[in-house]
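# Commentary on secondary and tertiary structure
Here's the letter readout for the chains.
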Amino acid sequence: MLANDLEKRISFKRSISNGDLVIVYEKHDSMKAVTVSEGSVLQNRFGVFKHSDWIGNPFGSKVFSNKGGFVYLLAPTPELWTLVLSHRTQILYIADISFVIMYLEIVPGCLVLESGTGSGSLTTSLARAVAPTGHVYTFDFHDQRAGSARDDFERTGLSSLISVGVRDIQGEGFPDEFTGLADSVFLDLPQPWLAIPSVAKMLKQDGTLCSFSPCIEQVQRSCETLQTCFTDIRTFEVLLRTYEVREEKMGTFHGDGNDSNVSLPCKRRQCSDGSYVVSTTISSVMARPCGEARGHTGYLTFARLK
Ligand SMILES: C[S@@+](CC[C@H](N)C(=O)[O-])C[C@H]1O[C@@H](n2cnc3c(N)ncnc32)[C@H](O)[C@@H]1O
């Protein structure tokens, strides 16, 4: 995904090799991550795809099945990974993730602390933001979850940018070795206010914190705790509206067939009484908000160390 070595660096112009992770794209809501393995096949409703046919093609290629069906092979960016990863927890999605990275001012070289790791959705984007010289230290108290996240970061080529620790951050805080070193800290914990005193210790002067909470009561409690050591405390809710834009047959014009103004392509039909009806169908590009738009995910509270 974002390996550190120059050869593999995010120039997705490179071609697909045996062992690469690719995102098999059918359509925007139907994708899956596949590790290319010569000799293996992918079977779906479009037929059977041989991995060996994929090797040597550039990322973004359209590849065909034995039945002539096709899929696209996309590079596994953090944006796509967030859509295909296996959900072991609730995760952060692109709208919140992009806002977090921007507002926390995360740039290459930053040292970022995170808890909990969960499914590693945010961690993956944090890693790309700090690459190639920064590092993300992420902690979860759930041993198995931390292990699965580690496996995922290995698979996506990010393990050199991320360290996963098993630790109860609400109970013990972040490890002392990071005292005064963190540029930013991100919390996605059920009781974030318990970790805030430790966050204040970990941050560099002027460092930034973000806490994600689904409920406003959690936000209120966190903000109360933040007053002591933090300034510029602000809470946001990011609501994303997706639009469907596509060509549609818009309407039909009916006339008696004698209207000389009708210059559009039309169909003329004779009625039983001998008169004529002309109908015209107009195609137009329609735009409307998607019905299934995602609503509330959570509140993002940001603060800066005083
Ligand atoms: C909602 S998930 C985080 C999802 C993550 N932000 C993502 O985008 O994939 C919350 C995680 O916090 C962890 N957690 C809960 N309490 C914790 C604690 N006291 N210390 C460390 N991790 C904790 C849980 O095990 C869970 O994996």
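Residues numbered from 1 in each chain as written. Predicted model: local features only at pLDDT ≥ 70, side-chain atom pairs only at ≥ 80, totals over all residues.

Labelled according to an unreviewed UniProt entry, the protein chain appears under the name tRNA (adenine(58)-N(1))-methyltransferase, originating from Crotalaria pallida. UniProt annotates the protein chain under Catalytic activity (unreviewed entry) with the comment "adenosine(58) in tRNA + S-adenosyl-L-methionine = N(1)-methyladenosine(58) in tRNA + S-adenosyl-L-homocysteine + H(+)". According to the UniProt record, the Subcellular location (unreviewed entry) comment for the protein chain reads "Nucleus". (UniProt positions renumbered as here; feature names shortened; annotations may be inferred.)

Before going further, it helps to spend a moment on the overall build of the protein chain. In terms of helices and strands, the protein chain carries eight helices and 16 strands. Across its three principal directions, the C-alpha atoms of the protein chain cover 90 × 50 × 30 Å. Across the 306 residues of the protein chain, 32% fall into the buried class. Contacts spanning at least 24 positions in sequence make up 63% of the contacts within the protein chain whose residues lie at least 6 apart. (Helix = DSSP H or I, 4+ residues; strand = E, 2+ residues; numbered from the N terminus. Buried ≥ 20, exposed ≤ 12 C-beta atoms within 10 Å, placed from the backbone. Contact = placed C-beta atoms within 7 Å.)

Attention now goes to the site of the ligand. As a matter of local geometry, the ligand sits amid 22 residues, with Thr-89, Gly-116, Gly-118, Ser-121 and Gln-170 nearest to it. Those elements giving two or more residues to the shell around the ligand turn out to be helix 4 (121-130), strand 8 (135-140) and helix 6 (169-172). Partitioned by chemical class, the residues of the shell around the ligand number eight nonpolar, 10 polar and four charged. (Near = placed C-beta within 6 Å. Nonpolar A, V, L, I, M, F, W, Y, C, P; charged D, E, K, R; others polar.)

In this section: the nonpolar core. By size, the foremost hydrophobic cluster in this structure holds 50 residues, and its most contacted members are Val-112, Val-130 and Val-185. Contact partners of Val-112, with chain neighbours within four places excluded, come to Ile-106, Leu-126, Val-130, Val-136, Ala-182, Asp-183, Ser-184 and Phe-186. (Core = buried A, V, L, I, M, F, W, Y, C linked by C-beta atoms within 7 Å.)

In this section: the pairing of strand 5 (residues 61-64). Inspection of the sheet shows strand 5 paired to strand 6 (residues 70-74) by four bridges, in the antiparallel sense. From the neighbouring strand, Ser-61 faces strand 6, where its bridge partner is Leu-73. A loop of five residues connects strand 5 with strand 6, the two strands running antiparallel in sequence, and Gly-68 in this loop sits at a positive phi of about 90°. (Pairing = 2+ DSSP bridges.)

Let us look at the sheet that holds strand 9 (residues 162-166). Strand order in the open sheet formed by seven strands is 9-8-7-10-11-16-12, with mixed pairing between adjacent strands. A single partner strand is all that each edge strand has here, and the edge strands are strand 9 and strand 12 (230-236). Strand-to-strand twist in this sheet, taken as the mean axis angle between neighbours without regard to direction, amounts to 15°. Bridging between strand 7 (residues 111-115) and strand 8 involves five bridges; their strand directions are parallel. (Axes fitted to C-alpha atoms, helices over the stretch in contact; angles between N-to-C directions.)

As a packed pair, helix 3 (residues 94-103) and helix 4 sit with axes 10 Å apart at the nearest point and diverge in direction by 40°. In this structure, helix 3 meets helix 4 at a crossing whose hand is right-handed. Contacts from Ile-97, Val-100 and Ile-101 in helix 3 reach Leu-122, Ser-125 and Ala-129 in helix 4. Class assignment for the residues of the contact of helix 3 with helix 4 results in five nonpolar, one polar and no charged. (Left-handed = near helix turned anticlockwise from the far one by under 90°.)

Strand order in this open sheet of four strands is 2-1-6-5, and the pairing throughout is antiparallel. With one partner strand each, in any of the chains shown, strand 2 (30-35) and strand 5 form the two edges of the open sheet. Ignoring which end each strand starts from, the neighbouring axes of this sheet average 35° apart. Pairing between strand 1 (residues 21-27) and strand 2: six bridges, direction antiparallel.

Here the protein chain shows a mean pLDDT of 91. Residues at 70 or above account for 91%. Across residues 3-11, where pLDDT falls below 50, the model places six contacts with residues more than four positions away in sequence or in other chains. (pLDDT = per-residue confidence, 0-100.)

Attention now goes to helix 3. Those residues of helix 3 that sit buried are Asp-96, Ile-97, Val-100 and Ile-101. Angular distribution of buried residues about the axis of helix 3 spans 125°; they occupy a single face of the element. With its phi angle positive at about 60°, Glu-105 sits one or two positions after the end of helix 3. (Arc of directions from axis to C-beta.)

Moving on to the UniProt feature "binding site: S-adenosyl-L-methionine" (unreviewed entry) in the protein chain. Annotation from UniProt places "binding site: S-adenosyl-L-methionine" (unreviewed entry) at Ser-119, Gly-120, Ser-121, Leu-122, Asp-140, Asp-168 and Asp-188. On the secondary structure map, Asp-140 appears in strand 8. Those residues within four positions of Asp-140 in sequence are excluded, and the remaining contacts are Ser-115, Gly-116, Thr-117, Gly-118, Arg-145, Ala-146 and Val-166. By the element assignment, Asp-168 lies in the loop between strand 9 and helix 6. Judged by local crowding, Asp-168 falls into the partly exposed class, with 16 C-beta atoms found within 10 Å.

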